[in-house]
Number of protein chains: 2
Amino acid sequence: MKARIKDLAKELNLSVATISKALKDSHEISPETKKRVLELAARLNYSPNPYASGLRRKNSHTIAVVLPEVADSFFSEAINGIEEVARENGYHVLIYLTHESFLREEAILREFRSGRVDGILISVSGETAQSGHIKAALAEGIPVMFFDRICEDVETTHIITDDFESGYNAAKHLLDKGCKKIAYLAVAANLSVISSRMKGYQKALAENNISAGDLNVIHCSNDIEKNYSVVLDLLNSNNRPDGIIASVEKLTTSIYLACAALKLNIPSDVKVISFTNLHTAVILNPPLTTITQPAFEIGKMAATVLFKALGKRDVALKKQTIVIPSALNIRASTV
Amino acid sequence: MKARIKDLAKELNLSVATISKALKDSHEISPETKKRVLELAARLNYSPNPYASGLRRKNSHTIAVVLPEVADSFFSEAINGIEEVARENGYHVLIYLTHESFLREEAILREFRSGRVDGILISVSGETAQSGHIKAALAEGIPVMFFDRICEDVETTHIITDDFESGYNAAKHLLDKGCKKIAYLAVAANLSVISSRMKGYQKALAENNISAGDLNVIHCSNDIEKNYSVVLDLLNSNNRPDGIIASVEKLTTSIYLACAALKLNIPSDVKVISFTNLHTAVILNPPLTTITQPAFEIGKMAATVLFKALGKRDVALKKQTIVIPSALNIRASTV
């Protein structure tokens, strides 16, 4: 006969609630107790029945995470945060990558409308300039929440970091270190995060009486080789910046390689700051000053808010913006 | 012809009831008997009555990817490969992270037995030294395929890279560059990939008449701070190596930081090679010589083979090993 939770409880002399929490990997339960419960569950062949409980609760216990890519330290750490909370809550996580394509994102959202998932966490693609596909999912009663890259016009919960302040702090730091001509390397300028960081950068420059005409916003793309040429051209021009802010991680390698190719020293010729959570930032040549985003915390918070809403009869997500601040980590690339 | 329970019973000289209980991992059956039953079931391609579960399982159009972590360039690129093929084939991808815990991996596998997914792609945790949980899933008719980190005793399809040759090539390269004392930094020595790479390293050393007593296998863990102390101690010892092979990406930062702390020059004091797909390898201080694994291709191949099998009436995965070679990329950390 199949073991039930109460069989485990009896055998271990623990409450049913404790067993249930241990099976969900809840932080309320000690590692030792979890280990005992999991070992007994394995021995007695206990397994929850997703169909029985799914029918009763009319849900799939599955959420979708839609994001541009996974080979990026911000998104991979955010997934870690989401997965941790999902596990504790007994949810399964479907991953969908848009590879920065709006058409792909639209197609993915369309599939959810047949009721595969209980909720959606999304960080939109670089091409996403409209939100009809997301509003359509919401209109069908599927909770959708944004993390990091949001659509401002969609009334739901947004979990973000302080991009405006981070852009401001990055530019302010470069100005403090003596930079006179700071370039901001953007990708997909329509993205909330890219434009907020840019506005922060612009504000810092304006405060230092650098006129709008002297702003140096350079548009990059997802093509690493093209980005390399763009950066090379910038650094070869008469208008060569003495400071660069990279709005996304993937631009870092292009900047460092272009400086090396032109024999420009970082930081004495050009100072560099990137938005990234790369663990290797400390061992780059030179170590990289970063705006380090709370990626894991953003993932965790997004999943926590979503599961809390899914636990209620009315799963409507509040219109709210939760902001978790980033940190400026100063290293040799700017000092 | 497809094996039935009574075929298994006859072959093992056991009752049908015993076989049935063993397949359900019942606690009434001894581990030894379970092992015999599961191995035979896997060999004879036994899968349970399709009316009971097979049809339902093949309808979810969902696969599970079970892997240790996502914040690692190998695994994130492998996910990219899997996701690309899944999308083309109309499949959904559930992601489960074991965080290198065997108990967690067991618990995840147990959930699938109630029929959530059509197939499983797994790269096992660092703690996984036995494969009963995987054989149990196979015995219930769920196709399971390994990529990268395999259990050699499970008869199914394994997609790997040439770890032995890569370990050999890494050590050979260091020997060619004049290293006399080469350390191999291992994590989870029971893992197929770690031990294959180590055997390759040992062979290269043996060919150069370096005796087994001079082998320098250092055991690291998943704790970055502990690894840093381990590497620091190694480099501070009388037995200081002049060459280091890092078996996994996450050891790289510890090695570079420990060399910097001790003012050891890479490569003149210590040469360093890592197994990694890091895009930043080229901009490290100094640029890092890597064994670059075909991560994206391994993911793509794994998903392709699985979906091809799922498209057939009989989804049994062949016992086969597909090897996609890695490449040695020589950079300034070794020359």
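Cut-off values and rules
- Residues numbered from 1 in each chain as written.
- Chains lettered and ligands numbered in written order.
- Predicted model: local features only at pLDDT ≥ 70, side-chain atom pairs only at ≥ 80, totals over all residues.
- Heavy atoms only, no water.
- 1 Å grid on protein atoms, 1.4 Å probe; cavity = no way out; pocket = protein on both sides within 12 Å on 5 of 7 lines; lining within 4 Å.
- Points joined across faces, edges and corners; volume = space filled by probe spheres on them.
- Helix = DSSP H or I, 4+ residues; strand = E, 2+ residues; numbered from the N terminus.
- Expected span 1.5 Å × (residues − 1).
- Buried < 20%, exposed > 50% of the residue type's maximum accessible area, 1.4 Å probe, protein only.
- Arc of directions from axis to C-beta.
- Contact = heavy atoms within 4.5 Å.
- Polar contact = N/O pair within 3.5 Å; in protein donor to acceptor, adjacent residues only side chain to side chain.
- Phe/Tyr/Trp six-rings, centres within 6.5 Å; stacked < 30°, edge-to-face > 60°.
- Lys NZ or Arg CZ within 6 Å of the ring centre and 35° of its normal.
- Patch = residues over 30% accessible without salt bridge, like charges linked within 9 Å, V, L, I, M, F, W, Y side chains within 5 Å.
- Areas by Shrake-Rupley, 256 points an atom, 1.4 Å probe, with all protein chains shown as cover.
- Salt bridge = Lys/Arg side-chain N within 4 Å of Asp/Glu carboxyl O.
- Core = buried A, V, L, I, M, F, W, Y, C linked by side-chain atoms within 4.5 Å.

(A) Main features of empty space enclosed by the protein. Per the stated rule, a full pass over the model turns up 3 cavities of 30 Å³ or more. In this model, the largest cavity occupies a volume close to 190 Å³. Around the largest cavity sit 20 residues that line it, and Asp72, Phe75, Arg149, Val248 and Glu249 of chain A are the ones nearest its centre. Counting residues per element, the ones that place at least two in the lining of the largest cavity are helix H5 (73-88) and helix H9 (192-207) of chain A. In terms of residue count, H5 of chain A provides more of the lining of the largest cavity than any other element does, 3 residues in total. Considering only enclosed or pocket space, the second largest cavity measures out at about 40 Å³ in volume. Taken together, Ile95 and Tyr96 of chain A together with Glu83, Ala86, Arg87, Tyr91, His92 and Val93 of chain B make up the full set of residues lining the second largest cavity. Contributing elements (two or more residues each) for the lining of the second largest cavity: strand E2 (92-97) of chain A together with helix H5 (73-88) and strand E2 (92-97) of chain B.

(B) Examining helix H10 (residues 224-236) of chain B more closely. Residues and elements named next belong to chain B. End to end, H10 covers 18 Å across 13 residues, agreeing with the expected 18 Å (1.5 Å per residue, within 8%). When H10 is considered as a whole, its buried residues turn out to be Asn227, Val231, Leu234 and Leu235. Angularly, the buried residues of H10 cover 90 degrees about the axis, an arc narrow enough to put them on a single face. Exposed positions of H10 whose direction lies more than 90 degrees from the buried face are Glu225, Lys226, Asp233 and Asn236. The secondary structure elements touched by the buried residues of H10 are strand E6 (182-187), strand E7 (216-220), strand E8 (243-246) and helix H11 (251-261). Capping of H10 at its N-terminal end is provided by Asp223; its side-chain oxygen lies 3.0 Å from the backbone amide nitrogen of Glu225.

(C) Just unusual backbone geometry, in detail. Residues and elements named next belong to chain A. The step from Asn285 to Pro286 runs through a cis peptide bond, and the omega angle for that step is 0 degrees. Among the structural elements, Pro286 can be located in the loop between strand E9 (271-275) and strand E10 (289-292). Despite not being glycine, Ala188 has its phi angle at roughly 45 degrees, a positive value. Given a relative accessible area of 25%, Ala188 falls into the partly exposed group.

(D) Just helix H12 (residues 295-310) of chain B, in detail. All names here are of chain B. Over its 16 residues, H12 runs 23 Å from end to end, which matches the ideal 22 Å to within 8%, given 1.5 Å per residue. Within the span of H12, buried status applies to Ala295, Ile298, Gly299, Ala302, Ala303, Val305, Leu306, Phe307, Ala309 and Leu310. Buried residues along H12 sit in contact with strand E1 (62-67), H5, strand E3 (119-122), strand E4 (144-147), strand E5 (157-160) and strand E11 (320-323).

(E) Spatial organisation of the packing of aromatic side chains. In the structure shown here, the tally under the stated rule is 8 aromatic pairs over all chains. An angle of 25 degrees between the planes, with centres 5.4 Å apart, marks the rings of Tyr184 of chain B and Tyr201 of chain B as stacked. Here Tyr201 of chain B lies in helix H9 (residues 192-207) and Tyr184 of chain B lies in strand E6, a separation of 17 residues in the sequence. Judged by its relative accessible area of 0%, Tyr184 of chain B falls in the buried class. One residue, Arg197 of chain A, lies across the ring of Phe275 of chain A, its end atom 4.3 Å from the ring centre.

(F) Spotlight on a nonpolar patch on the surface. Residue and element names in this part refer to chain A. Where nonpolar side chains cluster on the molecular surface, the patch consists of Leu328, Ile330 and Val335 and spans about 240 Å² of accessible area. Within the secondary structure, Ile330 sits in the segment after strand E12 (327-329). Note on Ile330: relative accessible area 47%, which makes it partly exposed.

(G) View of the nonpolar core. With 131 residues, the main nonpolar core has Phe112, Ile120 and Leu185 of chain A together with Phe112, Ile120 and Leu185 of chain B as its most contacted residues. Other than its neighbours up to four places away in sequence, Leu185 of chain B contacts Ile218, Cys220, Val231, Leu234, Ile244, Ile245, Ala246, Ser247, Leu251 and Ile255 of chain B. Within the second largest apolar cluster, 63 residues are counted, among which are Tyr91, Leu306, Phe307 and Ile322 of chain A.

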